Amino acid sequence: MSNKVLMKGTEAIAQAAIECGCKYYFGYPITPQTELSEYMAKKLPKVGGLCLQAESEVAAINMTLGAAAAGTRVITSSSSPGISLKSEGISYMAGCDLPCVIVNVQRGGPGLGGIQPSQQDYYQATRGVGHGDLRLLVLAPSSVQEMAQLTVEAFDMADIYRMPAMILADGALGQMMEPVDFDSIPRRDIPEKPWAACGHNNERKKNIVNSLYIDPQVLENVVDERYKRYDVIEETEARCEEYLCEDADIVLVSFGITARICKTAIKAAREEGIKVGLIRPITLWPFPKKNIAAIAENAKVFLSVEMSKGQMIDDVRLAVNGKAPVHFYGRTGGMIPTPEAVLENIKKLAEEINA
Amino acid sequence: MTTSILFSGFGGQGILFSGKAMAKSAMYEGKQVSWLPSYGPEMRGGAANCSVIISDEEIGAPIISNPDVLVAMNLPSYDKFEPTVKADGLMIVDSSLVNKKSERDDIKVCYIPATALASENGIDGMANVIVLGQILKLTGMFDYDTFLSYLLKGIPESKAALIEKNKKALKLGYDF
């Protein structure tokens, strides 16, 4: 018997948040992530926390901002259309240098789209989650265990770098159950929050949390300072899993649930003697461009596999930097690529490089 | 060794529960497992299925294109998934609700009138557990008593009445 618990991905995120001291959840229901709110509603009151179903996503993200400004750990979650609604508040949080965790359990879009899994919000998460020069830490779990683990890491990184972090999951990861072991999750040293606006009792100067700077020179200085932190993150925090890349002629790049489909396809291709591997970005921002660049020295061709019309492929191309052709295979709208279809694409590329 | 099992039927039959019982039991035995449900606007009466993978190794795709074992508990599921069962695979059909016979000769098929058996024995709604009993018998994936103890473990004290029903259903399925 093991100590593992069989849980849904959404529940694993919620439990992980509670385990690392998060006591506040603000959200608004949307498929396929409502179980996260449901779990929080059941559990948070028992640990002296608060789960609040707001009147809208806009309200939820601004409540999140308030809780973060007071220096507490706070999480909010939604699915694609809801994240669009939250984007103004997310930009404000980046502008206020506030840590929090935002969960996007992606579904097909654009618009209301559908409710089945997708990875169509890659651009949104890594480029355009709000106005202004800003970045989010973006973590992409690939299993229910990682839903838990990366949630804890997202909280830690958000606190260390004073910025919002996003868990970019999808409907399949949110709904599926796998065993989770919470005890094995690593923790980091977390700084104090002397900047928090949490009441000063006249014992210290008041803290102001703000994103408004009328003087352009002052605003430029603030943004420049923030970008120094972003530089450190790009230098030190990019992470990926390399799977069978050592001798690979063909290298797939894929994240989240799609990466697992790729692994199944890769195993089948290897049995047919095709030298193929996988780079699975775990952080989407910072993107693991150094790892990809290093592997591009020897690889003959890349294939980006996504549940979208091709978004991450832009980052793969930038990292490969012309050293090898970069191809794309994907499904969209809530359709999940099959291992068989990925295998076919691998075989096609194998024929091309042998021709 | 990896086994993929697809449970299919309509909402309300306990399709997702069956899959969960299987996945949990395998987890207790130290296996890697994944459980992936279909999800949609359907509730009771709509199509429901879940994919369970049990393996000694890390599980790649949690989606099953060609199951080793298919449980088909209604006609639409039978029609949809019968052609997908892996060669040499196993299909278990609730013959109370599916009045077709498979013409495939490359798979093993078991017809069990699970819904009627449940009804005749005063345990309406337990057809899914009857099918689990039959899976145990045909695959030997779990020791009967161990599986039963895992199954009962999932029943909260407030629903103690379900214990006898589950015991009865599992045995009916196993002895069929």
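Here is a short report on the structure shown in this document.

Quick notes on the rules
- Residues numbered from 1 in each chain as written.
- Chains lettered and ligands numbered in written order.
- Predicted model: local features only at pLDDT ≥ 70, side-chain atom pairs only at ≥ 80, totals over all residues.
- Heavy atoms only, no water.
- Salt bridge = Lys/Arg side-chain N within 4 Å of Asp/Glu carboxyl O.
- Helix = DSSP H or I, 4+ residues; strand = E, 2+ residues; numbered from the N terminus.
- Axes fitted to C-alpha atoms, helices over the stretch in contact; angles between N-to-C directions.
- Left-handed = near helix turned anticlockwise from the far one by under 90°.
- Contact = heavy atoms within 4.5 Å.
- Nonpolar A, V, L, I, M, F, W, Y, C, P; charged D, E, K, R; others polar.

Turning our attention to the pattern of salt bridges. Counted under the stated rule, the structure contains 29 salt bridges over all chains. With a closest N to O distance of 3.0 Å, D97(A) and R229(A) form a salt bridge. In this pair, D97(A) sits in the loop between α4 (80–95) and β5 (100–106) while R229(A) sits in helix α8 (residues 216–236), placing the two residues 132 residues apart along the sequence. Ionic pairing is found between R104(B) and D106(B), a salt bridge with its closest N-O pair at 2.9 Å. Because the salt bridges share partners, they merge into one network encompassing R73(A), D156(A), D159(A), R187(A) and K193(A).

Next up on the list: the packing of helix α1 (residues 15–28) of chain B against helix α5 (residues 144–153) of chain B. Residues and elements named next belong to chain B. It is at 10 Å that the axes of α1 and α5 come closest, and there the two elements cross at 115 degrees. The element α1 and its partner α5 pack so that their crossing is right-handed. Contact residues: α1 offers F17, A21, M22, S25 and Y28, while α5 offers F147, Y150, L151 and K153. When the residues that make up the contact of α1 with α5 are grouped by side-chain class, the tally is seven nonpolar, one polar and one charged.

So, about unusual backbone geometry. In this chain, T31(A) is followed by P32(A) through a cis amide linkage whose omega measures 5 degrees. By the element assignment, P32(A) lies in the loop between β2 (24–27) and α2 (34–43). With an omega of 0 degrees, the peptide bond running from G109(A) to P110(A) counts as cis. Mapped onto the elements, P110(A) comes out in the loop between β5 and α5 (122–126). Here the phi dihedral of N202(A) falls at roughly 60 degrees; this positive angle occurs in a residue that is not glycine. By secondary structure assignment, the location of N202(A) is in the loop between β8 (177–180) and α8. Even without being glycine, D88(B) reaches a positive phi, approximately 70 degrees. Checked against the element boundaries, D88(B) lands in the loop between α2 (75–81) and β5 (90–94).

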